[in-house]
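# Report on the structure
One-letter residues, chain by chain:
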Amino acid sequence: MTPLDVPAIDAGALAAASARLLTAAAAEADVVYCELDSPLGPIVAAATADGLARLAYREFNGGLDAILGALAIKLSPRIVEAPARMDTIRRELDEYFAGRRRSFDIPVDLGLAAPFGRAVLQACVRIPFGDTSNYAAVAAEAGRPRASRAAGNALGANPVPIVVPCHRVLRTGGGLGGYTGGSAVKERLLALEGVLR
Amino acid sequence: MLPFQRFFEQHREPVWRYCVAAVGALHAEDVFQETFLAALRAYPRRRPGTSASAWIMTIAHNKAMDHHRATARRALPVEALPEVAHHDPEPELDAGPWARVRTLAPKQRAALTLRYAADLTHAEVARALGCSEEAARRSAHEGLKTLRLEITP
């Protein structure tokens, strides 16, 4: 009698096959993502065919699995890690943190935002580097002057912080206001842009 | 639903083992790629509550069957054998008991491979093959007996 054992795995062959599979899968997936290092800590970036759909401060959002899990529910479970497909956002963020970029050119997909939220985020993009606004002004820009609380909620739910610069929107009275990465991160972004010392 | 990336990471090792057993190390990657690309396409339609292993192994089994059929078509019988030197196309890569399993009748081969390389239960093997659990159990048993193979605990 000969034993019929489970076939052994050639780790090198499986690793090479996995890399090829992920490259092919990334071309068909609905969402591709990568993890990035930044001076503000690790960031998860995810994109659809239409553009950058998510930038998430990893720790502030409960870790990679929580972030991917939310994307699976809200966008599609066909999510594949594809660092090679995320070169543009990596480069633009590097330039921004190095002080060599004041606005972002990468296409953005606001599919994760609700309709009014989208209008608020589009108004927010128009606030230039080094400047600030407040929730009431952004609400008015988005077409609902009395909806400053809803505008604040939409900014708090900004799926692509930094690129859509919600950190430039402060409380109407002049206070800092909340931030999707925590108020310490908001302060650091405003300091980078020369608004705060 | 688990992001596909995590699903792939959880299942790539057992699927790889299955592919190596089902079609041999030389062709394992082709079947592996076809299996996971088909899984990616069907992924959002997978019914929750069903076993993820049974689902992916059923796809792998179908892809392995496609491979066997394509190989059989390529090996058409000819009336007069051409006088060329014969090269074994898959040398030592394909030694071992799983190469012998691949010489069995399709049902026995499939039952053995899904049960002992893919590590499905007999009930899951039965569902993948569209037969009764008893028939799956019997096919695996007969396959082992034919080849004088035994399962080590």
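Residues numbered from 1 in each chain as written. Chains lettered and ligands numbered in written order. Predicted model: local features only at pLDDT ≥ 70, side-chain atom pairs only at ≥ 80, totals over all residues.

### Examining the packing of helix 1 (residues 4-23) of chain B against helix 2 (residues 25-42) of chain B
Geometry of a packed helix pair, given as the angle between the helix axes and the separation of the axes. All names here are of chain B. It is the contact of helix 1 with helix 2, at a shortest axis distance of 9 Å, that shows an interaxial angle of 145°. The handedness of the crossing between helix 1 and helix 2 comes out as right-handed. Facing helix 1, whose interface residues are Phe 4, Phe 8, Val 15, Trp 16, Cys 19, Val 20, Ala 22 and Val 23, helix 2 presents Ala 25, His 27, Ala 28, Val 31, Phe 32, Thr 35, Phe 36 and Leu 40. A per-class count over the contact of helix 1 with helix 2 returns 14 nonpolar, two polar and no charged. (Axes fitted to C-alpha atoms, helices over the stretch in contact; angles between N-to-C directions. Helix = DSSP H or I, 4+ residues; strand = E, 2+ residues; numbered from the N terminus. Left-handed = near helix turned anticlockwise from the far one by under 90°. Contact = placed C-beta atoms within 7 Å. Nonpolar A, V, L, I, M, F, W, Y, C, P; charged D, E, K, R; others polar.)

### Some words on the domain arrangement of chain A
Residue and element names in this part refer to chain A. Domain assignment breaks chain A into domain 1 (22-97) and domain 2 (115-192). Taken over C-alpha atoms, the centre of domain 1 sits 22 Å from the centre of domain 2. Residue-level contacts link eight residues of domain 1 with nine residues of domain 2. Counting residues per element, the side of domain 1 that touches domain 2 draws most heavily on strand 4 (residues 51-57), which supplies five residues. The residue inventory of the side of domain 1 that touches domain 2, partitioned by class, reads seven nonpolar, no polar and one charged. (Domains from an automatic or database assignment.)

### Some words on the environment of Ala139(A)
Residue and element names in this part refer to chain A. Tracing the chain through its elements places Ala 139 in helix 5 (residues 135-141). Separated by ten residues in the primary sequence, Ala 139 and Arg 149 place their C-alpha atoms 8.4 Å from one another. The residues contacting Ala 139, other than those within four sequence positions of it, are Arg 144, Pro 145, Ala 147, Ser 148, Ala 150 and Ala 151.

### Topic: the interface of chain B and chain A
Facing the 29 residues of chain B at the interface are 26 residues of chain A. The set of elements that each furnish at least two residues to the side of chain B that touches chain A consists of helix 1, helix 2, helix 4 (97-101) and strand 1 (149-150) of chain B. Top element by residues in the side of chain B that touches chain A is helix 1 of chain B. It accounts for eight residues. Residue composition of the side of chain B that touches chain A, by class: 20 nonpolar, three polar and six charged. Relative to strand 1 of chain B, strand 1 (residues 2-3) of chain A runs parallel, the two being bridged by two bridges. Paired with Thr2(A) across the bridge in strand 1 of chain B is Leu149(B). (Pairing = 2+ DSSP bridges.)

### Description of the nonpolar core
Ala45(A), Val120(A) and Cys19(B) are the most contacted members of the largest nonpolar core, which has 94 residues in total. At eleven residues, the largest contribution of residues to this core is made by helix 1 of chain B. Looking at which domains feed residues into this core, each of domain 1 (22-97) and domain 2 (115-192) of chain A gives three or more. For Ala45(A), the residues in contact, after removing those within four places along its chain, are Tyr33(A), Cys34(A), Leu36(A), Leu52(A), Arg54(A), Leu55(A), Met86(A) and Ile89(A). (Core = buried A, V, L, I, M, F, W, Y, C linked by C-beta atoms within 7 Å. Buried ≥ 20, exposed ≤ 12 C-beta atoms within 10 Å, placed from the backbone.)

### Structural notes on the pairing of strand 4 of chain A
Residue and element names in this part refer to chain A. In terms of residue burial, strand 4 counts as a mostly covered element, since six of its seven residues are buried. Strand direction decides the pairing type here: strand 3 (residues 43-48) and strand 4, joined by six bridges, are antiparallel. When the sheet's bridge partners are listed, Ile 43 is paired in strand 4 with Tyr 57. Between strand 3 and strand 4, which pair antiparallel and follow one another directly, the connecting turn spans two residues.

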